[in-house]
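Spelled out, the chains give:
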Amino acid sequence: MNIHKAIRSVLEYYKSGNLQQAVSVCEDILEINPQHITILHLLGAVHQQLHNYDAAIKYLKAALELDPNSFEGFYNLGGAYTKKGELNKAVDCYQNVIELNPQFIDAYINLGNIFQSQCLLDEAISCYQKAVQLNPNDAGTYINLGIAFQNKGEIEKSKIYLENSIKLNPNFAEPYYHLGNIFKNKGQLDQAISYYRKAILHNPNYVDSYNNLGIIFRNKGQIDESIACYKKVLELNPHSAGAYNNLSISFYDKGQLDEAELYSKRALQIKPDFLTAYSNFLLYMNYNSRYTTNDIFSEHIKFAQHFEPTLYASIVAHSNEKSLHRKLRIGYVSPDFRQHSVAYFIEPVFASQNKKQFEVFCYSLVSAEDKVTRRLQGYADHWRNITGIPDEKAAEMIQNDRMDILVDLAGHTANNRMILFARKPAPVQITWIGYPATTGLSTMDYKIVDSYTDPPGMTEQF
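A brief look at the structure comes next. Please read all numbers here as calculations on a predicted model, not as lab measurements.

A look at the overall build of the protein chain
Here's step 1: A count of helical and extended segments in the protein chain gives 22 helices and six strands.
Here's step 2: Summarising its shape, the C-alpha atoms of the protein chain cover approximately 95 × 55 × 45 Å along the three principal directions.
Here's step 3: For the protein chain, the proportion of its 462 residues judged to be buried stands at 47%.
Here's step 4: Once local pairs closer than 6 in sequence are excluded, the contacts in the protein chain between residues at least 24 apart make up 52%.
Here's step 5: Of the roughly 23500 Å² of accessible surface on the protein chain, a fraction of 50% belongs to carbon and sulfur atoms.

Written as structure tokens, this is what we have:
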């Protein structure tokens, strides 16, 4: 066999996409020379293209045993480990690349991407900044830096890098999308719309831009426009559970309850554990005269039976001091510590609580705080913003605060944290104000009602 000719044929097969033929020729060569480094590298690359990551790793490691100073080999091996999801091994590979070749820009970028995916934002930023030093004209790296600083909450720095990426290459859709996110989160909705539209101009199939436009139009009360955006998302991605859920919310806003229910059920068919879609469906039931109170109660219990059992093991024993001579610690959890009807009801309660008897904690889920938020903060002894904090971590925070009573002020309304309460982070849990029905949770001990929400003789069985 002419080895050089065979290698050329492998490269031809690889470039033309005839990957199985490339594998076959490589294997024939290895039968003659099992330690042919070039073929081992090529076979690793081909198997990576075929998504045979275990085989790719095997051949690339074999090549590196023969040539441990091959930074290209470590780079390709890092790619295989990344695709397989073994990110710590991929990090080791890319760090080896940088040690062997400190000028290898793509290694810094890939390493930064891994750190970003692991929320190691300082490490990601360091890698991207090194890549920018080596190539100040790469618009893509500026986008990565913009996203990392945005995730870190350093919004002005994020804007600078995203705007720089546009100056370098105005045809990328991504920086416009992320700038749109910045303005959306700041409540500057018209600017956000402008940037999302620019993203779509450069990429007509930019699903996330259509989705966020839909959210903004709904927030602005332009419900038909929001529905059109979500339908465009589904045209591009018919299996988007999120788009079906968002579409259901818009139809709910229009008072079209049957359509709202239909789309929330479609979201749950695609993603059975879609907590938000299930909560929305439960909310819609309360407004739909087709359902009896028994129907509503039963579906709430089904919700709990679906989500609670996997969390039983995470419930810890509470060791609160049982003393009559200390303050009770009371925590309130709400997405509505802002200009909202719930705030109108809870503010007099906060204002009237006896500071000598109660220590008040507020666990806020408000992303855009307003003057009402700031006023409510003045009543609390402790204010914690748990927006974006996973339920597991939030439950741990509440346990560390040694909460005696934890009060839910949302029920199954928007941005609730039912699964946080399913973890039972406090020994006594109460639901109040925000929702007309049961939460369904066995971990909720009480519901505060009055003769208007629960007329005597009508709801005791629930």
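Description of the packing of helix H3 (residues 37-49) against helix H4 (residues 53-66)
Here's step 1: Contact pair H3 / H4: the axes reach a minimum separation of 8 Å and the direction vectors enclose 160°. Accordingly, the angle class assigned to the pair H3 and H4 is roughly antiparallel. H4 is crossed by H3, and the crossing has left-handed handedness. For the pair formed by H3 and H4, the contact residues are Ile37, Leu40, His41, Leu43, Gly44, His47 and Gln48 on the first element and Tyr53, Ala55, Ala56, Tyr59, Leu60, Ala62, Ala63 and Leu66 on the second.
Here's step 2: In terms of residue class, the contact of H3 with H4 is built from eleven nonpolar, four polar and no charged.

Concerning the nonpolar core
Here's step 1: Of all hydrophobic cores here, the largest spans 70 residues; its most connected members are Val333, Tyr363, Leu406 and Leu441.
Here's step 2: The contacts of leucine 406, once residues within four sequence positions are left out, are Gly331, Val333, Tyr363, Ile398, Phe421, Pro425, Ala426, Val428, Gln429 and Ile430.
Here's step 3: Core analysis: the next-biggest nonpolar cluster, separate from the first, contains 33 residues, Leu77, Leu111, Cys127 and Val132 among them.

Rules behind the numbers
Residues numbered from 1 in each chain as written. Predicted model: local features only at pLDDT ≥ 70, side-chain atom pairs only at ≥ 80, totals over all residues. Heavy atoms only, no water. Helix = DSSP H or I, 4+ residues; strand = E, 2+ residues; numbered from the N terminus. Buried < 20%, exposed > 50% of the residue type's maximum accessible area, 1.4 Å probe, protein only. Contact = heavy atoms within 4.5 Å. Areas by Shrake-Rupley, 256 points an atom, 1.4 Å probe, with all protein chains shown as cover. Axes fitted to C-alpha atoms, helices over the stretch in contact; angles between N-to-C directions. Parallel < 35°, antiparallel > 145°, perpendicular 65-115°, else oblique. Left-handed = near helix turned anticlockwise from the far one by under 90°. Nonpolar A, V, L, I, M, F, W, Y, C, P; charged D, E, K, R; others polar. Core = buried A, V, L, I, M, F, W, Y, C linked by side-chain atoms within 4.5 Å.

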